[in-house]
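Read off the chains here:
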Amino acid sequence: MSDDLFAPSPDPRWFTIPSGRPFLDDLARGLCRALGKSLPEAQILTPTRRGARAMARAFSAQTRGGALLLPQIRAIGDLDEGEPPFDLEALGLDLPSAISSLRRRFELARLITDHYKSDISGKTALELADSLAKFFDSLALEEVDATDRLHSLVTGQGADQYSLGSWAQHWQVSAQFLAIAVNAWPKRLDELGMMDPSQRQVTLIRRLIDQWTEHPPKTPLILAGTTGSAPSTADLAKVVAAASIGAVVLPGLDLSLADDAWDQIEDSHPQATMKRMLDRHHVARATVRVWPVSLEEDRRKANARRRLLNEALRPAEATKDWREQIAALRAEDDDAINDGLDGLTEISAARDEEAATVIALLMRETLETPGKTVALVTPDQTLARRVSARLTRWGLQADSSAGEPLANSQTGRFLLDLLTLLQTPCDPVAILSLWGHPACLYAEDPGRTAVELYGLRGAKPNDMASVRAALVERDKDTDLWDRYAAAILPVAEMPVSDLGEAATRITRLAEALSLDDGQALWTGATGGSAAELLAGLIREGAGYTVESLRDVADILGQLIRNCKVRTGGNTHPRLLILGAIEARMVTADRLILAGLEEGVWPQAPDLDPFLSRPMRAALGLPSPERRTGLSAHDFVQAASAPETFLVTRHRREGEPQVQSRWLWRLQTLCAGAKVDIPRDGKWLDWARALDRGLSDKPPALKPAVRPNPKPPVAARPKQLSVTEVEVFVRDPYAIYAKHVLRLRPLDRPNEPVEGRQRGTAIHKSLERFVTEDTPLGKAGIDRLCDLLHEELAATRLSPAQMAMQKPLLPGMAADFIRFEADRRAHRPKLHIEQRGELKIGDFTLVAKADRIELRDDGVDILDFKTGAAPSAKAVAAGFYPQLTLTAAILKQGGFADIRADRPLGDLLYVRVSPDVTRPQSAVQKGLFAHDLADTALNSLRRRIFAYAEADKGYLSWIAPQFLKTRAGDYDQLARLYEWYVLGTEDAEDTAEEEA
């Protein structure tokens, strides 16, 4: 050995690698120097499997391309796996195997349902099983025997007694149940011949401790990166530190914190877990040495950053002397605080999208420097996925430690769609998603288009039969729909009681609906994960009672959403996306810390349905703040890197956010020192510029201009209705798209029954009521209610929507009957839905009037509306010529059986609503209907003659003031956003005067 690192010493060897130093690189360099040729004999224990792999890479980097025999590197958290080269299974040959996590979940759920009987559903029991599993994990890892303690809690006797009667009833029930569970669970494990995984892990570590205590290893032994959060790991550290050639290397122990502040450390402090371990073994902090390599290569600015962060996160009780600490820092070095902030940058984004774009830019810019690495560290996996999506802008894929959710894969999407259809077999969106899946049996079926266009678009069907009826009505082939119904309905309608059996039938259905007898679903890493998940559910769910297919879908859907798939793949070697835990032993040249909002980092403590805080304390279990302390340590370790970006958001998922307590305390400390954390606005500017138009457009860039097509005169429409003329006045391009291009907008699948469909149904009801000549009064109200109900149901209103509409119908009918009685008092002759037309050269204007009332002294024209009617002023301006042009047709004798010489009376819009049926005149005060009719007709003639010229174009939206209230069906085709919202230079030049 070429170094005195492992020289004989009466004191245990406790070391620390300071925050901000590359932990693994320093550790590897120090061990290579100290052990030399003895390096392959060393045994190194790391907290995680990822840390073990990174440790191996760190050793390889020391050789600079040469050969090196690696030491034995083992993840202490995976001791129950028994993987070579550090095989501990010899210590556990007499131990039962560990129960799988899925089987444990179902076994615990059965324990819960057996206790609560019919008071709890199978789905709820599975949700509670997760919390119960965490409870048993806590007992195992903390090595707490809760049997007697829970008994004393329940009985109110003994050293741990706590007044049970003073608790809320919920906690009393929980305590009584846990008292049963801690006895029942070990018995059940004995019956199964298995062992709880956490208990087995602790047992193996304890046996290892005993073995090394009785027979200390003669080869180098190093425990690196642990904080000793579990008692077994802390005791293992003591044994390793006391070994003749052993050492414990702690990550980021704060050796500069004042002793009084050290004594005040609480569970949420970054140093809390390491302080607890040192106190457990009576190790004075002063005896812990800095790792020699780190001490030699630590730079002044890195030390300043570490000192600044440790001061900012000192215990709350010790912050009263912050001003003194600031003065002390500056007394040591005038630039101490500025040096600590050097390389640290804070970026505050407005929302998720902006934060993701900024982070992607930071990662992309790093690659401009050869060999430079960058890591995003965040516990917010949604933000991490947003960043991954934005990196694809440059064709980059980062190595993400979290993997990808199975729900985002093709197999996961197929299964989730299938679960939706098992609950609502005629859901159009889910059907189209499933049928369009590349693995679906119907993906290339020629009948898909007909089913989609004529059976699935528009309002959601209420049942399978209505879709088939719609296809038959259009004389379309129903073979595909019949095959789908024959496959899905037997499973959707099956009685459900056994979860395993239901999962089996769902799996068979998935295979029946996919290509290659289901093999298309199970290929690749995601397919293998899905197959393993379903197999486990079938196996472990056998005999588990569920109440409905919805419960089965919820249980399986949750498993799919929680399952993560790590596929590897073609990732960039210098781009990393890490969770806070994975980042503990992985370093990069640039670190980006994101998700620094309260509730994200640190995460809010999990809600425990079984144990309150006093109950946890009485049982000797750790407080929720201990996890916050571990997260705080992760933050300090990462934020101490030489180049660090701290990214926050004002809003997350649309909700206002509060900055992380750690960042807030750092800001407060800096404010006391009258300095600010550096901000670099260029990243936000660049992020916003990516999605913003160019301010200085290159001459070659020609953005879209307002459409103004000029089709041949022969192709132009020769007939329009009066309602289409309203569109013609505002948006001629819509007339071009509809009548020249002959384009029609498709209804959306699952389109809500909105104003248009509802208005059509009410119109039909009123038309049928009048044409049937139903008597008024109570009989008329009842009949109109029946008609309204019948026509609304025909629009595919769901039962829930019908239940909302039904109470409104009697009031609507009663108001209309009152209106009808007032109108009929003058005994007019009614013409309902009568068609009229007028020739203007070779152009034909047509109208279909809702109602024309013939009286002795004149003619009234009525139009019924369920929405707001236009004002008389807008009608006079010519923007709503429906009634005025209908009147013009009538004056010209365009309606059969109505003489042209009859004087025009009033033009009325009649608002029909649940509140009131109210007529509103379309004739502005001081004007007359016949004058408005003449004006509208003359305006239309001028427009028709203008568009008979070949150089007259169909300009888009010549009256854009109506865009907000009258959005058109063809706005996307007209690229409205580009020329109207963004604007073009020639937009005003091509506009014409409004009609």
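Below or above, wherever it landed, is the structure these notes cover. Treat the numbers as computed from the prediction; the structure is a model and nothing was measured.

1. Re the overall build of the protein chain
Assigned secondary structure in the protein chain consists of 38 helices and 24 strands. Taking 30 Å as the expected radius of gyration for a compact globule of 995 residues, we find that the protein chain reaches 38 Å, considerably beyond that expectation. In terms of principal-axis extent, the alpha carbons of the protein chain reach across some 120 × 70 × 60 Å. Buried residues in the protein chain amount to 51% of all 995 residues. Of all intrachain contacts in the protein chain linking residues separated by at least 6 positions in sequence, the fraction that spans at least 24 positions is 76%. For the protein chain, the exposed surface amounts to about 46300 Å²; the carbon and sulfur share of it is 50%. With 124 positive and 140 negative side-chain charges, the protein chain shows a spacing of 3 Å between the two charge centroids.

2. Digging into the packing of helix α17 (residues 410–423) against helix α18 (residues 428–435)
Contact pair α17 / α18: the axes reach a minimum separation of 9 Å and the direction vectors enclose 145 degrees. Helix-helix and strand crossings are classified by hand; for α17 and α18 the assignment is left-handed. Contacts from Phe-414, Asp-417, Leu-418, Thr-420 and Leu-421 in α17 reach Ala-430, Ile-431, Ser-433 and Leu-434 in α18. When its residues are assigned to classes, the contact of α17 with α18 shows six nonpolar, two polar and one charged.

3. Points about the packing of aromatic side chains
Considering all chains together, one arrives at 24 aromatic pairs under this definition. Judged by centre distance (6.2 Å) and plane angle (90 degrees), the rings of Trp-601 and Phe-635 are edge-to-face. Of the two residues, Trp-601 is situated in the loop between β15 (590–594) and α25 (613–619) and Phe-635 in helix α26 (residues 625–639); the sequence distance between them amounts to 34 residues. Classification of Phe-635 as buried rests on a relative accessible area of 1%.

4. Quick look at the pattern of salt bridges
The tally for this structure, following the rule as stated, stands at 60 salt bridges. In this structure, the salt-bridge partner of Arg-104 is Asp-196, at a minimum N-O distance of 3.2 Å. You can see Arg-104 sitting in helix α3 (residues 101–116) and its partner Asp-196 sitting in the loop between β5 (194–195) and α7 (197–214), a full 92 residues away along the chain. On the basis of relative accessibility, which here comes to 8%, the residue Arg-104 falls in the buried class. Here Asp-196 falls in the buried class, since its relative accessible area comes to 6%.

5. Examining empty space enclosed by the protein
Inspection of the entire model under this criterion finds four cavities of 30 Å³ or more. When its volume is computed, the largest cavity comes out at roughly 80 Å³. Around the largest cavity, the lining residues are His-763, Leu-766, Glu-767, Val-770, Ile-832, Glu-833, Asp-850, Arg-851 and Phe-864. Of all elements in the fold, only α31 (755–771), β20 (829–840) and β21 (843–855) reach the threshold of two or more residues within the lining of the largest cavity. Ranked by the residues each element gives to the lining of the largest cavity, the list is headed by α31, at four residues. In terms of residue class, the lining of the largest cavity is made up of four nonpolar, one polar and four charged.

6. What about helix α24 (residues 549–562)?
The terminal C-alpha atoms of α24, which comprises 14 residues, lie 20 Å apart, in line with the 20 Å expected from a rise of 1.5 Å per residue. Of the residues making up α24, those classed as buried are Leu-549, Asp-551, Val-552, Ala-553, Ile-555, Leu-556, Gly-557, Leu-559 and Ile-560. Close packing links the buried residues of α24 with α3, α4 (122–141), α17, α21 (479–492), α22 (499–512) and α23 (524–540).

7. Digging into the nonpolar core
Soluble globular proteins tend to pack their nonpolar side chains together in the buried interior. Phe-135, Trp-435 and Trp-481 are the most contacted members of the largest nonpolar core, which has 90 residues in total. Excluding anything up to four places from it in sequence, Trp-481 contacts Ile-431, Trp-435, Val-451, Leu-456, Met-464, Val-467, Arg-468 and Leu-471. Core analysis: the second largest hydrophobic core is formed by 66 residues, Ala-34, Ala-42, Ala-638 and Cys-670 among them.

8. Comments concerning the pairing of strand β24 (residues 917–921)
For strand β23 (residues 904–912) and β24, the ladder comprises five bridges, and the chain directions are antiparallel. Considered in β24, the bridge of Tyr-909 is made with Gln-920. Hairpin geometry of β23 and β24 is characterised by an intervening segment of four residues between the two adjacent antiparallel strands.

9. Focus: the sheet that holds strand β16 (residues 643–649)
Here we have six strands laid out as an open sheet, ordered β9-β16-β15-β10-β14-β11, and parallel in their pairing. Every interior strand has two partners, whereas the edge strands, β9 (344–349) and β11 (399–400), have only one. Where strand β10 (residues 374–377) meets strand β14 (residues 575–578), four bridges bridge the pair, whose relative direction is parallel. Note on β14: the bridge partner recorded for Val-377 is Leu-578. Sheet strands in contact with α26 are β9, β15 and β16, and its direction is about 145 degrees off that of β15.

10. A closer look at the environment of Ala-237
For Ala-237, the location among the structural elements is in helix α8 (residues 231–242). Between the C-alpha atom of Ala-237 and that of Asp-676, which follows or precedes it by 439 residues, the distance is 41 Å. Apart from the residues within four sequence positions on either side, Ala-237 is in contact with Trp-14, Leu-223, Val-248 and Met-277.

Cut-off values and rules
Each residue is numbered by its place in its chain's sequence as written, counting from 1. Totals for whole chains, interfaces and linings use every residue, but because this is a predicted model, local features are given only for residues with pLDDT of at least 70 and side-chain atom pairs only at 80 or more, for both listing and counting. Values reported for side chains reflect all heavy atoms of the structure, with hydrogen atoms and water molecules removed beforehand. Helix and strand definitions follow DSSP, with helices as H or I runs of at least four residues and strands as E runs of at least two, each counted in order from the N terminus. The globule rule is 2.2 Å times the number of residues to the power 0.38, and the radius of gyration it is compared with is taken over C-alpha atoms. Here's how the labels work: a residue is buried when its accessible area is under 20% of the maximum for its type, exposed when over 50%, partly exposed in between, all with a 1.4 Å probe on protein chains only. Any two residues whose heavy atoms approach within 4.5 Å are treated as being in contact. Only the protein chains shown count as cover for residues, with accessible areas throughout obtained via the Shrake-Rupley method and a probe of 1.4 Å. The charge count includes Lys and Arg as positive and Asp and Glu as negative, but it does not include His or the ends of the chains. Lysine's charge is taken at NZ, arginine's at CZ, aspartate's at CG and glutamate's at CD. Fitted lines through C-alpha atoms give the axes, limited to the stretch in contact for helices. The angle between two N-to-C directions lies from 0 to 180 degrees. The handedness criterion is simple: a crossing whose near helix is rotated anticlockwise from the far helix by less than a right angle is left-handed, and one whose near helix is rotated clockwise is right-handed. We call Asp, Glu, Lys and Arg charged. Ala, Val, Leu, Ile, Met, Phe, Trp, Tyr, Cys and Pro are nonpolar, and the rest, Gly among them, are polar. Pairing of aromatic rings covers Phe, Tyr and Trp, the last counted by its six-membered ring, and requires centre-to-centre distances within 6.5 Å; plane angles under 30 degrees mean stacked, over 60 mean edge-to-face, and any other angle means tilted. Whenever Lys or Arg places a side-chain nitrogen within 4 Å of a carboxyl oxygen from Asp or Glu, that contact is recorded as a salt bridge. Using a 1 Å grid laid over the protein atoms alone, points where a 1.4 Å probe fits but cannot get out form a cavity; open sets with protein on both sides within 12 Å along at least 5 of 7 lines form a pocket; any residue with an atom within 4 Å of a point counts as lining. Grid points are joined across faces, edges and corners, and a volume is the space filled by probe spheres set on the points. Given the number of residues in a helix, its expected span is that number minus one, multiplied by 1.5 Å. In this description, a nonpolar core means a group of buried Ala, Val, Leu, Ile, Met, Phe, Trp, Tyr and Cys residues linked to one another through side-chain atoms lying within 4.5 Å. Strands were regarded as paired on the criterion that DSSP finds at least two bridges between them.

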